Amino acid sequence: MLINGNAKIIGIIGDPIEHSKSPILHNYISDYKKINAVYVPFRVAPDSLADAVRGLRGLNVIGFNVTVPHKNKVIEYLDGISEEAGLIGAVNTVKNINGKLWGYNTDGDGFLRSFKEETGHSFSGQGVVIIGAGGAARAIAVKAALEGADKIVILNRTVDKAKELSDYINDNVSNCSSFAGIDYNDSKNAFMDCRIIINTTSVGMHPSIDKCPIEANSFLDGKHIVYDIIYNPAKTELLKVAEKKGSMAINGLGMLFYQGIYAYEKWMDIEFSQNEIEQFYSKFKKTVMEI
Ligand code: ATR
């Protein structure tokens with residue numbers, strides 16, 4: 001589609017940014033829906049964040065995504081944030097409303113939609129193991145707790161960070177008996193008690209594709225639902241073992257897709273039909289696999 005003088009500008013700030021799949025998704029949607037908008041990647045170094053946000057405000061863009069390493073720090077340059085972004089402590093989507101910049105977090109919703117659609121299960125009353133305790137783990141732990149998980153166990157290489165996240169969930173979101181552990185027995189017990197297993201670490205990501213964040217062979221069995229937020233490779237070592245053990249195994253492409261869908265809907269004040277979403281997803285999957 002031709003970009004003319006009325007084009008709405010959207011973008012993403014991060015560093016690095018070259019690997020981002022978001023421009024592909026958002027520009028495809030604008031093209032398909034014949035919406036006069038263009039989505040641009042901006043590499044913004046950490047010490048340029050304040051200038052970048054001031055610049056985007058001055059240029060009156062309609063909104064932008066925020067990715068690593070700016071998701072926390074960006075909050076201080078915005079006019080306000082949603083309750084969920086506050087709970088997660090991170091913003092991935094900013095919308096310009098009458099010159100004010102409002103921050104949201106669509107990662108948790110994106111994850112939840114993908115999880116529900118691809119597994120057919122919900123979190124209500126479930127035990128959940130979350131591997132990792134970084135930004136993605138926090139967004140997912142908050143969402144799982146808000147969705148009524150009965151128990152959340154955080155396993156992380158740095159135990160203090162697991163404890164901090166676990167205490168945070170118990171103190172601020174729900175008393176879903178969240179706790180942290182890391183040694184073999186803690187982990188084994190957690191896998192025996194919990195059905196849903198989510199990897200939020202980068203372990204197993206391309207190019208270290210033979211790595212697995214846990215001792216999957218001894219921990220997994222057919223009752224588990226394993227979700228790995230990694231999408232490159234499409235099947236991590238963790239997911240390969242999960243399949244071998246008869247567990248359900250889902251990768252993170254759906255989370256990436258839906259967080260983008262929710263951002264786009266927010267910027268444009270529209271809601272896509274299920275039919276459109278299916279169309280976008282199959283195109284997105286195909287494009288991402290090709291590059
Ligand atoms: P994100 O925002 O993607 O969650 P992050 O905040 O940097 O990224 O968090 C990365 C998570 O992956 C952390 O839990 C990290 O463990 P530490 O808290 O011990 O650093 C985990 N992680 C990264 N590389 C890892 C590795 N090689 N082995 C185990 N855990 C790893």
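Our subject is the structure that appears above.
No experiment lies behind these values; they were computed from the predicted model shown. (Residues numbered from 1 in each chain as written. Predicted model: local features only at pLDDT ≥ 70, side-chain atom pairs only at ≥ 80, totals over all residues. Heavy atoms only, no water.)

**Focus: the site of the ligand**
Point 1. Looking at the ligand, the residues that line it are Gly132, Ala133, Gly134, Gly135, Ala136, Asn156, Arg157, Thr158, Lys161, Thr201, Ser202 and Val203.
Point 2. For the ligand, an oxygen atom lies 2.8 Å from a polar atom in the backbone of Ala133.
Point 3. In the environment of the ligand, an oxygen atom lies 3.1 Å from a nitrogen or oxygen atom belonging to the backbone of Gly135. (Near = heavy atom within 4 Å. Polar contact = N/O pair within 3.5 Å; in protein donor to acceptor, adjacent residues only side chain to side chain.)

**Points about the packing of aromatic side chains**
Point 1. Going through the model one piece at a time under the given rule, you end up with 17 aromatic pairs.
Point 2. Taking the centre distance of 5.2 Å and the plane angle of 55 degrees together, the rings of Tyr184 and Phe219 count as tilted. Taken together, the positions of Tyr184 in helix H7 (residues 184-193) and Phe219 in helix H8 (residues 216-219) put the pair 35 residues apart, joining distant regions of the chain.
Point 3. The class for Tyr184 is partly exposed, based on a relative accessible area of 38%.
Point 4. With centroids separated by 5.0 Å and ring planes inclined at 85 degrees, the aromatic side chains of Phe272 and Phe280 adopt a geometry described as edge-to-face. (Phe/Tyr/Trp six-rings, centres within 6.5 Å; stacked < 30°, edge-to-face > 60°. Helix = DSSP H or I, 4+ residues; strand = E, 2+ residues; numbered from the N terminus. Buried < 20%, exposed > 50% of the residue type's maximum accessible area, 1.4 Å probe, protein only.)

**A few points about the environment of Asp167**
Point 1. Its place among the elements puts Asp167 in helix H6 (residues 159-172).
Point 2. When the C-alpha atoms of Asp167 and Asp228 are compared, they prove to be 23 Å apart, with 61 residues separating the residues in sequence.

**Looking at the pattern of salt bridges**
Point 1. For the coordinates displayed, the defined rule picks out 15 salt bridges.
Point 2. Asp107 serves as the salt-bridge partner of Lys71, at 2.8 Å between the closest nitrogen and oxygen. Of this pair, Lys71 sits in the loop between strand E3 (63-66) and strand E4 (80-81) while Asp107 sits in helix H4 (residues 107-119), and the two are 36 residues apart along the sequence.
Point 3. The salt bridge involving Arg113 is made with Glu117; its shortest N-O contact spans 2.9 Å. Taken together, the residues span about one helical turn, with Arg113 and Glu117 both in helix H4 at a distance of four residues.
Point 4. For Glu117, a relative accessible area of 40% gives the class partly exposed. (Salt bridge = Lys/Arg side-chain N within 4 Å of Asp/Glu carboxyl O.)

**Topic: the environment of Gly204**
Point 1. Looking at the secondary structure, you find Gly204 in the loop between strand E10 (196-199) and H8.
Point 2. A C-alpha to C-alpha distance of 26 Å links Gly204 and Gly89, two positions 115 residues apart in sequence.
Point 3. Non-local contacts of Gly204, meaning those with residues more than four positions away in its chain, are made with Ile209, Lys211, Ile230, Pro233 and Thr236. (Contact = heavy atoms within 4.5 Å.)

**What to know about the sheet that holds E3**
Point 1. As summarised here, the arrangement of the six strands in space is E2-E1-E3-E5-E6-E4, forming an open sheet in which the pairing is mixed. At either margin of the open sheet sits one strand with a lone partner, and together these are strand E2 (37-43) and E4.
Point 2. The sheet contact formed by E4 and strand E6 (residues 100-104) spans two bridges and is parallel. Residue pairing in the sheet places Ile81 in a bridge with Gly103 of E6.
Point 3. Contacting strand E1 (8-14), E2, E3, strand E5 (93-97) and E6, helix H10 (residues 253-268) crosses the sheet at an angle of about 5 degrees to E5. (Pairing = 2+ DSSP bridges. Axes fitted to C-alpha atoms, helices over the stretch in contact; angles between N-to-C directions.)

**As for the nonpolar core**
A general feature of soluble globular proteins is that nonpolar side chains tend to end up buried together.
Point 1. Membership of the largest hydrophobic core comes to 32 residues, with the highest contact counts inside it found for Phe123, Ile130, Ile152 and Ile198.
Point 2. Residue contributions to this core peak at seven residues, all from helix H5 (residues 135-146). (Core = buried A, V, L, I, M, F, W, Y, C linked by side-chain atoms within 4.5 Å.)

**Concerning the packing of helix H1 (residues 22-33) against helix H11 (residues 274-290)**
Point 1. Here H1 crosses H11 at 135 degrees, and the two axes come no closer than 11 Å. Our classification of the angle between H1 and H11 gives oblique. The chirality of how H1 crosses H11 is right-handed. Here Ile24, Leu25, Tyr28, Ile29, Tyr32 and Lys33 of H1 come into contact with H11, specifically with Glu276, Gln279, Phe280, Lys283, Phe284 and Thr287. (Parallel < 35°, antiparallel > 145°, perpendicular 65-115°, else oblique. Left-handed = near helix turned anticlockwise from the far one by under 90°.)

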